[in-house]
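Structural overview
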Amino acid sequence: MKFLTNLTLGKKITLLTTLGLLFGVGVFSSLGMRAVNQATETMLQDRLTTARLVADYLDEALGRALMELRKTAQLIESDGAADSLEPEIEALEDTYSRLSIYTHSIYLLNDRGQVIWSKPADLGVAAIDISSYPTISQALSSGEPGISGLVSAPVSDTPVVFLASPTQEGGGGNKGVLVIAIDLAQSSIGGFVRPIRLGETGYVEIVDQNGIVVARTEPGPKLAPFEKSDHSGRFAALISAGKPTRGVCHTCHEPGQKVDRKDVLAFVPLSAANWGVVIRQSEEEALAPTRELYQNLLLFGVVLGAIALLFVAITTRDIGSRIRMLTTAAQRIAEGDLVSPVTTSGKDEVGILAQTFDDMRAKLKTSYGELEQKTKELSSLLSVSEVLTSTLDLSRLLEAVVAKAVEIISGADGGALLLQAEDQEGLVVQCAIGLDKEPFSGLVFTPPPGSSSADEGAVTAFLQSPALHPRVQSYISGQVFHRGQHIGSLVMVNFRDSQAFSESDRRLVQAIADYVAIAIERSQLMAEAEEARALHEADRLRSQIISSVSHELRTPLTLIKGYTTSLLRQDASWEEETQREFLQIIDEKTDELRDLIDKLLQSAKLEAGALRLEKEPVLIPRLAQKVVDELAPRAKNHKFTLKFAPSFPVVEADIRCLEQVLRNLTENAVKYSPKGGEVVIAGETRDGKVIVSVSDEGVGIPPEHRDKVFERFYRVDSMATHSTPGSGLGLSITKGHVEAHGGEVWLESTVGKGSKFYFSLPLGQQEDSE
C-alpha cells in the first residue's frame, strides 16, 4: 500500500487498469472454459438423447415381438399335434414379417427342454436338449418370457437371438416353451439406426449383456460374428445395473486391450432385453468445435486486452491533467477561497466532477451566509428561552417575551401580543412594547368582512386601528396555536421602512410565537395539575369518611336487635325450632355486617395506599378448595369444579388477600347464578404468569357495564342485582389486591349464559410492596 501511495495518479490508473485487465482476461478465460465445458456437456447430452431415442425404438420393436410370441404360446399346448400348430405359427411368422423381423427357425420344447417340433423341420434338432440357453432355462423355470443375447443356433451355428415364452399346460399338466430364433443380419430391426450419421467417425452399436455386438452402423468397423465390444465388461455392468451414461471414454478398455483411438460415447440400456445402445464418435472430431471456440475466445481476449491498454495510455494523460486542475481548485476552497470559480472542461465524469466542485463552492458560499443568519436566530431564541424560565407569572412572562422579541429583531420599533378574548369572537391586546396600550384597552379585533382567514383578518383589524394605521410602514406576525387551535398572534411593526423585515425575521417571529404557545400550555397544565391534586385530596378525604362511618352502618343491626329482643322477652315463649331460626338469622346478619365492615375497611386501605402485603409461598389449588368447602354448604344448587394441573406452580403472595380474591369471585359466581349451575375455578401458566379464572352459568353482564364493575360501589342496574344483596365493593377490592401483587383482572361475559372472571399473578420472587 505504501508503494501505491507514492505513485502519481496517472501511474496508479495505469497500474490498476492493467491489473483490472489481467483480472478481466482471467475471468474471460474462465468464462470461456466454462462455455467450452458447457458446449461439451451439451454435445454429450445430445448423444445421450439420440441413444435414448434408438433405445426406445428397439424397446418398442422387441417388446412387440415378444408380446406376439407370448400370445401365440398361450394358444399352444406342449403336447399338441403338429397340424394344430401350423395355423398359429404361420400367423406368428406373418406378424414378424410385418415387423421386418426375419425368422431363422421356430422350436417347440417340452418341459425338459427337448425339441419336440421345429420349423423348418430338421431331423438334426429333433429331441435334442437346448435348455442350456439361459433365456430358455429361465422360461422353463420361472414361466416368464425373455429375449437372449446373440447366440449360435442349434446345429447351424448361425448367429441368432432367441425369444422364448412358455406355452399352455398339456394333458399331463406340464408346460413347454415356444422358442423363435431371429436372424438379425437379415432382419431390418436395425433399420432405424442405420441412417444415423454423426460426422465422419460416429456410428451406433447394439450390444448384449455379454458385451457382444449385435448390430453396428456405418462408418463403424465391419461386424464379425460374435464380435465383442472393446468396452464389453463396462457395457455388461451398465446393462446389469440399468444405468445410462455418457462421457469421454478412453480409460475404461479391458486390461491388455490395445486402444486404437479415443472416443466420445453415450450408452443407454434397453428395458425389453438385456441389451444396450452405444453411440460412438472420435474424440478429436466430436470436440473439434469446442476446441476451436476456446482458441477463438483466447485470441479475442488477448486482442481486447491490447486495445484496452492502448486506450488507457491515451486517456490517462488527459484525465491526469484535468484532475490536477481539480486538485488545485480544491486546495483553494480548503483555504477559504469561495469566490474564484472552478474551471470546467468536457462533458465526461471529470468534467461533471469539476462542475460539481464549482456548484459546491457556490452552495458553500450561500450556506456560510445562511449559517451566520441561523446562528444569529438561534442565539436570539436562546435569549427568549431564558426569559421563559425566569418567572411562572404568565402575564409577566408574556410581557417579557414580547420585550425580548422587539429587542432582538433589528427592524422592530414595537410589538404586541394578541390573544383570544374570553367568551368573545376575536383577539384582544394582551401586552404591548413600544406602543401605547391605552388606545387598545377594551377593543376586540375581529376579521373584517371578506377576510381569507380569521387570524390574518384580526391582525389586519389591529393594524388598521386609529392608533397604528397612519404610522405603520411594515409588519410581520407569527401565529400562536394551542392544542391545534389558533388563539392569537405575535405582531412586530416598523414605523420607518416599508422593507424593514426579512424572511429570517419572519421565521424568528414565528419561532417566538411557538414559545409563547408553549408558555401558555405550561401555565394551563400547571393549573390542571393543581386542580387534579385538589380532586385527589378530596377523594382521599372521602375515603377517610367512608372508613370512619363504616362502623355506623346499622342496617344489619336492625334485624339483629329485633330478633334478639324477641328472644329475650319474658312474656313470650318460643319453640326450639323458632329460636334456632331466629339465632340463625342473627348469625347470618352478623356475618353480613362483619363482611360489609371488612370490605369498607379494605377499600379504604386500598384507596389510601395503606395495604401491606405479607408474601409467602401459596398453593392456589389448595386455597381454592378451602373457599369451595366453606361456600358449598350454602350453595346446594351449585356444582363446584376445580381444574388445576397437578404441577401447578407455587406463587409468592399474601395468602389473606389471595383468599379474599377467590372468595369474592366465587361468592359473586354463586350470587349471580340464582338458578344454580356449575362454578368452575381453573388455573394455567402462560408467559411467565399464572392465570386463574372463575366462571359461572348465571345472568351475565351487559357490555356497557363491563368497564365499570371494578369501580367502588358500582353495581349493574338490573332486576338480578336488585334482588341480590351486595355493597359494590367486592370486585374493586379484588382488583386492588391483584394489582398490589403486580397482576391484572379482566372478564368475559355473555348475557344469559354467564360470566368468567380472570386474574393473573407474576411467577418468580417479588419484593414486598404496599
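Values in this document were obtained by computation on a predicted structure and should not be read as measured data.

**Concerning helix H7 (residues 288-334)**
For H7, built from 47 residues, the straight-helix expectation of 69 Å at 1.5 Å per residue is met to within 8% by its first-to-last C-alpha distance of 64 Å. The largest bend in H7 is about 30°, located at threonine 315. Where H7 ends, the next residue or the one after it, glycine 336, has phi of about 100°, a positive value.

**A closer look at the nonpolar core**
In this structure, Leu69, Tyr96, Ile147, Leu163, Leu178, Trp275 and Val277 are the most contacted members of the largest nonpolar core, which totals 39 residues. Looking at this core element by element, the count peaks at ten residues for helix H2 (residues 9-74).

**Points about the pairing of strand S19 (residues 689-695)**
With six of seven residues buried, S19 is to be regarded as a mostly interior element. Both strand S18 (residues 677-686) and S19 contribute to a ladder of seven bridges, which runs antiparallel. Residue glycine 683 lies in a different strand from S19, and its bridge partner there is valine 692. For S19 and strand S21 (residues 754-762), the ladder comprises seven bridges, and the chain directions are antiparallel. Directly across from valine 690, in S21, lies its bridge partner leucine 761.

**What about the packing of aromatic side chains?**
With the rule as written, the count across this model stands at nine aromatic pairs. Pairing phenylalanine 445 with phenylalanine 462 gives two aromatic rings, centres 5.4 Å apart and planes at 85°, and the pair type is edge-to-face. You can see phenylalanine 445 sitting in the loop between strand S12 (427-433) and helix H10 (454-463) and its partner phenylalanine 462 sitting in helix H10, a full 17 residues away along the chain. There is no split in this pair, since phenylalanine 445 and phenylalanine 462 are both buried. For the pair phenylalanine 710 and phenylalanine 757, a centre-to-centre distance of 6.2 Å together with 80° between the ring planes defines the contact as edge-to-face. Here the residue phenylalanine 710 occupies a position in the loop between S19 and helix H16 (719-722), and phenylalanine 757 occupies one in strand S21, the gap between them amounting to 47 residues. Residue placement shows arginine 471 over the ring face of phenylalanine 495; its charged tip is 4.2 Å from the ring centre.

**A look at the packing of helix H15 (residues 655-671) against helix H17 (residues 730-740)**
Packing of H15 against H17 brings their axes to within 9 Å, and their N-to-C directions diverge by 145°. For H15 against H17, the interelement crossing comes out left-handed. Counting all contacts with H15, which are made through Cys657, Gln660, Val661, Asn664, Leu665 and Asn668, the residues of H17 involved are Gly730, Leu731, Ile733, Thr734, His737 and Val738. A class-by-class count of the residues in the contact of H15 with H17 yields six nonpolar, six polar and no charged.

**Here we look at the sheet that holds strand S5 (residues 175-182)**
Sheet strands pair via backbone hydrogen bonds, and the direction of the pair is either parallel or antiparallel. If you trace the five strands from one edge of the open sheet to the other, you get S2-S1-S5-S4-S3, paired in antiparallel fashion. Of all the strands in the sheet, just strand S2 (115-119) and strand S3 (146-152) have a single pairing partner and so form its edges. On average, each strand axis in the sheet is inclined to that of its neighbour by 25°, with strand direction left out of account. Direction of pairing for strand S4 (residues 159-169) relative to S5: antiparallel, over a ladder of seven bridges. The partner of serine 165 across the bridge, within S5, is leucine 178. Running over the sheet, helix H4 (residues 134-142) touches strand S1 (103-109), S3, S4 and S5 and is turned about 10° from S4.

What counts, and where the lines are drawn
Residues numbered from 1 in each chain as written. Predicted model: local features only at pLDDT ≥ 70, side-chain atom pairs only at ≥ 80, totals over all residues. Heavy atoms only, no water. Helix = DSSP H or I, 4+ residues; strand = E, 2+ residues; numbered from the N terminus. Expected span 1.5 Å × (residues − 1). Bend = angle between axes of the 7 residues up to and from the residue. Core = buried A, V, L, I, M, F, W, Y, C linked by side-chain atoms within 4.5 Å. Buried < 20%, exposed > 50% of the residue type's maximum accessible area, 1.4 Å probe, protein only. Pairing = 2+ DSSP bridges. Phe/Tyr/Trp six-rings, centres within 6.5 Å; stacked < 30°, edge-to-face > 60°. Lys NZ or Arg CZ within 6 Å of the ring centre and 35° of its normal. Axes fitted to C-alpha atoms, helices over the stretch in contact; angles between N-to-C directions. Left-handed = near helix turned anticlockwise from the far one by under 90°. Contact = heavy atoms within 4.5 Å. Nonpolar A, V, L, I, M, F, W, Y, C, P; charged D, E, K, R; others polar.

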